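A structural walkthrough
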Amino acid sequence: MAKPLETCQREIGKRVVEFFEKKLKELERCERKVLSGDVAGPCPDLVSAQNIAKFDLRAHAKICNKCGGANKVCGGGDDRTPAEIGFVPSCPGVTIPGGASCAAPIATVDDITTCANCVSEFKVDCLDAALVPALNAYPPECNAVP
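Residues numbered from 1 in each chain as written. Predicted model: local features only at pLDDT ≥ 70, side-chain atom pairs only at ≥ 80, totals over all residues. Heavy atoms only, no water.

**Some points on the state of the cysteines**
A complete count under the given rule lists six disulfides for this structure. One disulfide bridge connects Cys-91 with Cys-115, the sulfur atoms lying 2.1 Å from each other. Between Cys-91 and Cys-115, the disulfide has an S-S torsion of 85° and is therefore right-handed. In this pair, Cys-91 is assigned in strand 1 (residues 90-91) and Cys-115 in helix 4 (residues 109-131), connecting sequence segments 24 residues apart. (Disulfide = S-S within 2.5 Å. Helix = DSSP H or I, 4+ residues; strand = E, 2+ residues; numbered from the N terminus.)

This is the structure in structure tokens:
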């Protein structure tokens, strides 16, 4: 059986990958509709945006369940520390296209989930823009090196 710390670390990696894949699929679903003329766009549409928000909340809850201490909830003082988990002390200074910068200090498990989500959003949005140039101009924010 994996040690609790390893379980926490694996959960972070697993949820980051899962969020990335699910968001990319939601964008693809929406963009197929736009390209076929079924909807006007832009993507994500309302349904896709709601699904992406659900993926984010689910990832956060699952990470907190494995890294949030005995109560399995982020906050409350019994969480693992970012240093204990092996996470960097600050989130990379990349900016989500059309959105906020990810740059922020990382002091809690909540900060880890926020950073992981932000960097994943940046990577998905940049990849998506490159994959569907007919719908998306490549954002200048994507030229940043994380």
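**Some remarks on the layout of surface pockets**
What the largest pocket holds in volume is close to 290 Å³. Among the elements of the structure, helix 1 (4-36) and helix 4 are those that each provide at least two residues to the lining of the largest pocket. Class assignment for the residues of the lining of the largest pocket results in eleven nonpolar, two polar and five charged. Empty space within the second largest pocket amounts to approximately 150 Å³. As for the second largest pocket, its lining consists of Pro-4, Thr-7, Asn-65, Lys-66, Cys-67, Gly-68, Gly-69, Ala-70, Lys-72, Asp-78 and Arg-80. (1 Å grid on protein atoms, 1.4 Å probe; cavity = no way out; pocket = protein on both sides within 12 Å on 5 of 7 lines; lining within 4 Å. Points joined across faces, edges and corners; volume = space filled by probe spheres on them. Nonpolar A, V, L, I, M, F, W, Y, C, P; charged D, E, K, R; others polar.)

**Considering empty space enclosed by the protein**
Scanning all chains against the criterion turns up two cavities of 30 Å³ or more. The computed volume of the largest cavity comes to approximately 70 Å³. Every residue lining the largest cavity is listed: Arg-15, Val-16, Phe-19, Asp-56, Ala-59, His-60, Ile-63, Thr-113, Ala-116, Asn-117 and Ser-120. Residues belonging to the lining of the largest cavity are distributed by class as follows: five nonpolar, four polar and two charged. In this structure, the second largest cavity occupies an estimated 30 Å³ of space. Residue lining of the second largest cavity: Arg-15, Glu-18, Phe-19, Lys-22, Phe-55, Arg-58 and Ala-59, and that is the complete set. Of all elements in the fold, only helix 1 and helix 2 (46-67) reach the threshold of two or more residues within the lining of the second largest cavity.

**Things to note about the nonpolar core**
Soluble, globular proteins show a tendency: their nonpolar side chains are buried together. Residues Ile-12, Cys-67, Ile-85, Cys-91, Cys-102, Val-109 and Val-119 are the most contacted members of the largest nonpolar core, which totals 20 residues. Elements with a contribution of two residues or more to this core: helix 1, helix 2 and helix 4. If we skip the residues at most four places from it in the chain, Ile-85 touches Leu-5, Cys-8, Gln-9, Ile-12, Cys-67, Arg-80, Val-109 and Ile-112. (Core = buried A, V, L, I, M, F, W, Y, C linked by side-chain atoms within 4.5 Å. Buried < 20%, exposed > 50% of the residue type's maximum accessible area, 1.4 Å probe, protein only. Contact = heavy atoms within 4.5 Å.)

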